[in-house]
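# Chains, contacts and geometry: an overview
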Amino acid sequence: GEQVGGGEVDLTWDASTDNVGVTGYTLERSEAGAEWTMLDDAITATSYADSTAEFDATYTYRLSAKDAAGNFSDYVLVDIS
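Read on for a plain summary of the structure. Predicted model only: the values in this text are computed from it and were never measured.

## Quick look at the overall build of the protein chain
Helix and strand content of the protein chain: zero helices and seven strands. Along the protein chain, helices (α) and strands (β) appear in the sequence β-β-β-β-β-β-β when read from the amino end. Computed over the C-alpha atoms, the radius of gyration of the protein chain is 13 Å, within 12% of the 12 Å expected from 2.2 N^0.38 for a compact globule of 81 residues. If you line up the protein chain on its principal axes, its C-alpha atoms span 40 × 25 × 15 Å. The buried share of the protein chain, reckoned over its 81 residues, is 31%. In the protein chain, of all internal contacts separated by at least 6 residues, the share reaching a separation of at least 24 is 52%. Total accessible area computed for the protein chain in this model is approximately 5100 Å², and 44% of it derives from carbon and sulfur atoms.

Encoded structure:
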């Protein structure tokens, strides 16, 4: 992930694989240990632009893949300042 200006943070990741087939991703964000905020629970691409990010803030993002059977992967975490 990277901060690209105007407060926007662009996130990209490698596609997840699963024996049942990955159908999408869930992305959440937290600031300084606060509660997780759902950004999107139906991402089908391998990228996301968070246009609600603010300057001078540090965010933790967590991403999970969902398969066709309704199972979720473990979270992948990244910190962006």
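## Considerations on the pairing of strand E5 (residues 47-50)
Residues Tyr 48 and Asp 50 point to one face of E5 and are all buried, whereas Ser 47 and Ala 49, pointing to the other face, are not buried. Where strand E2 (residues 8-12) meets E5, four bridges bridge the pair, whose relative direction is antiparallel. By the bridge assignment, Leu 11 is partnered in E5 with Tyr 48.

## Looking at the pattern of salt bridges
Under the definition given, this model contains two salt bridges. Between Arg 62 and Glu 28 there is a salt bridge, with the nearest N and O atoms lying 3.0 Å from each other. Here the residue Arg 62 occupies a position in strand E6 (residues 59-67), and Glu 28 occupies one in strand E3 (residues 22-31), the gap between them amounting to 34 residues. Comparing Arg 62 with Glu 28, the two get one shared label, buried. Across the pair Arg 29 and Asp 50 runs a salt bridge whose closest N-O atoms are separated by 2.7 Å. In this pair, Arg 29 is assigned in strand E3 and Asp 50 in strand E5, connecting sequence segments 21 residues apart. The pair formed by Arg 29 and Asp 50 is uniform in burial state, with each residue classed as buried.

## Things to note about unusual backbone geometry
Although it is not a glycine, Ala 32 adopts a positive phi angle of roughly 50°. Mapping Ala 32 onto the fold places it in the loop between E3 and strand E4 (37-43).

## Thoughts on the packing of aromatic side chains
For any two aromatic rings, the description comes down to two numbers: the centre-to-centre distance and the angle of the planes. Counted under the stated rule, the structure contains two aromatic pairs. Measuring from centroid to centroid gives 5.4 Å for Trp 13 and Tyr 25, while their planes differ by 65°, and the two rings are edge-to-face. Here Tyr 25 lies in strand E3 and Trp 13 lies in the loop between E2 and E3, a separation of 12 residues in the sequence. For the pair formed by Trp 13 and Tyr 25, the shared burial category is buried. A ring pair is formed by Tyr 59 and Tyr 61, whose centres lie 6.2 Å apart and whose planes are at 55°; its orientation type is tilted. With a relative accessible area of 3%, Tyr 59 lands in the buried category.

What counts, and where the lines are drawn
Residues numbered from 1 in each chain as written. Predicted model: local features only at pLDDT ≥ 70, side-chain atom pairs only at ≥ 80, totals over all residues. Heavy atoms only, no water. Helix = DSSP H or I, 4+ residues; strand = E, 2+ residues; numbered from the N terminus. Rg over C-alpha atoms; globule rule 2.2 N^0.38 Å. Buried < 20%, exposed > 50% of the residue type's maximum accessible area, 1.4 Å probe, protein only. Contact = heavy atoms within 4.5 Å. Areas by Shrake-Rupley, 256 points an atom, 1.4 Å probe, with all protein chains shown as cover. Pairing = 2+ DSSP bridges. Salt bridge = Lys/Arg side-chain N within 4 Å of Asp/Glu carboxyl O. Phe/Tyr/Trp six-rings, centres within 6.5 Å; stacked < 30°, edge-to-face > 60°.

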